[in-house]
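# Chains, contacts and geometry: an overview
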Amino acid sequence: MAQAPVNVTVTGAAGQIGYALLFRIASGQLLGANTPVKLRLLEIPQAVKAAEGTAMELDDCAFPLLQGIDITDDAKKAFDGTNVALLVGARPRAKGMERGDLLAANGGIFKPQGEAINAGAADDVRVLVVGNPANTNALIAQAHAPDVPAERFTAMTRLDHNRALSQLSAKLGVAVTDIKKLTIWGNHSATQYPDLFNAEVNGKVAAEQVEQEWLREDFIPTVAKRGAAIIEARGASSAASAANAAIDHIYDWVNGTPEGDWTSAAVVSDGSYGVPEGLISSFPVVSRNGRYEIVQGLEIDAFSRERIDASVKELTEERDAVKQLGLI
Ligand code: NAD
Ligand code: LMR
């Protein structure tokens, strides 16, 4: 029997990440080569026409797996029956703008979207927030979807994870596939902590294969500030690499992570590693039976502890700020 199509909602569909993402979803890279998809594109009214243009191009690809495209500016319609919700639409950070400034600008978008997911999404809905500040936007959406299990709300740190893999592979002259168990902890921001102490390269501790000065002064800031460096260079925030990371995040969530490895995702904390319960923070995660689970029992040395705590403190401050704005 032919498989039923999976409903995939993409917000901010006419934006630059949307443009890099939609064709990959429709070609089968999000869910697998045998899974048909129906796309729902959510945009603000002024950008619906541009989304229609992208939909025309999707049609022109004649993707065998694409079974329909709906375009709307109504969040309720966009999330009705949705199985996978990619919340990309937000205001990107412009040159010189602090991420904190984005909280108020973006917070209002994610409350109604959380409510719409709560009202109409499919029972198995999985939500990935890409739009910044991603962790806190995910927290806002989750707070307004009390009937959806909290674990279904995640935020994207897979791009940071992939950036860290790439930097380390270049440093050591190894393949990215030789690196395992790398972790991004905390917030998708400059305070994030890419952890090489629990990571392995060809079975040996990664942190012991690089100079400590490189780790502290080069690797960590390069990964943590990569988003800003790309904005500086392109004049716009990362798009194709962000879309690629979103594909990786959902593909692994649905299909599982490989044995002997883990990945990074911002998920609702259960109090693991001293991260306050309820915060959406990045952790080492495995995906088993369609669920992301936090990897337990890792040793956290004093150096790592300090950095994880700093990023979690920032998340706590963001949470307190949106609480004050009445957004959660
Ligand atoms: P963009 O400006 O090109 O596109 C954003 C789109 O969202 C626009 O088309 C806009 O009309 C739409 N939009 C705005 N409000 C909306 C709403 N309420 N409902 C539906 N659509 C809405 O931006 P982009 O480059 O595609 O980036 C999108 C977001 O992703 C930004 O917040 C950016 O900072 C973030 N981002 C996150 C990561 C990550 O790793 N988590 C990486 C890169 C970018
Ligand atoms: C990125 O990491 O590339 C983006 O989150 C940067 C940004 O602020 O849009």
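In this text the structure is predicted, and so the values were computed from the model without any measurement.

The next thing to look at is the UniProt feature "binding site: substrate" (unreviewed entry) in the protein. As annotated by UniProt and renumbered to match this structure, "binding site: substrate" (unreviewed entry) occupies R93, R99, N132 and R163. Along the chain, the position of N132 falls in the loop between β5 (126-129) and α5 (134-143).

On to the site of ligand 1, then. Taken together, 25 residues are adjacent to ligand 1, and Q16, I17, E43, V130 and N132 come closest. One of the side-chain N or O atoms of N132 is found 2.8 Å from an oxygen atom in ligand 1. Within the complex, the protein chains bury 86% of what would otherwise be the 870 Å² of accessible surface of ligand 1. Split by residue class, the shell around ligand 1 holds 13 nonpolar, 10 polar and 2 charged.

With that settled, the discussion passes to the packing of aromatic side chains. A complete count under the given rule lists 7 aromatic pairs for this structure. Seen from their ring centres, W185 and Y273 are 5.0 Å apart, and the 75 degrees between their planes marks the pair as edge-to-face. With W185 in strand β8 (residues 183-185) and Y273 in the loop between β12 (263-268) and β13 (280-288), the pair connects residues that are 88 residues apart, well separated along the chain. The exposure class assigned to W185 is buried, which follows from its relative accessible area of 1%. Ring centres of W185 and F283 lie 6.2 Å apart, and the angle between their planes is 70 degrees; this geometry places the pair in the edge-to-face category. With W185 in strand β8 and F283 in strand β13, the pair connects residues that are 98 residues apart, well separated along the chain. Assigned by exposure class, W185 and F283 land together as buried.

About the criteria used
- Residues numbered from 1 in each chain as written.
- Chains lettered and ligands numbered in written order.
- Predicted model: local features only at pLDDT ≥ 70, side-chain atom pairs only at ≥ 80, totals over all residues.
- Heavy atoms only, no water.
- UniProt positions renumbered as here; feature names shortened; annotations may be inferred.
- Helix = DSSP H or I, 4+ residues; strand = E, 2+ residues; numbered from the N terminus.
- Near = heavy atom within 4 Å.
- Polar contact = N/O pair within 3.5 Å; in protein donor to acceptor, adjacent residues only side chain to side chain.
- Areas by Shrake-Rupley, 256 points an atom, 1.4 Å probe, with all protein chains shown as cover.
- Nonpolar A, V, L, I, M, F, W, Y, C, P; charged D, E, K, R; others polar.
- Phe/Tyr/Trp six-rings, centres within 6.5 Å; stacked < 30°, edge-to-face > 60°.
- Buried < 20%, exposed > 50% of the residue type's maximum accessible area, 1.4 Å probe, protein only.

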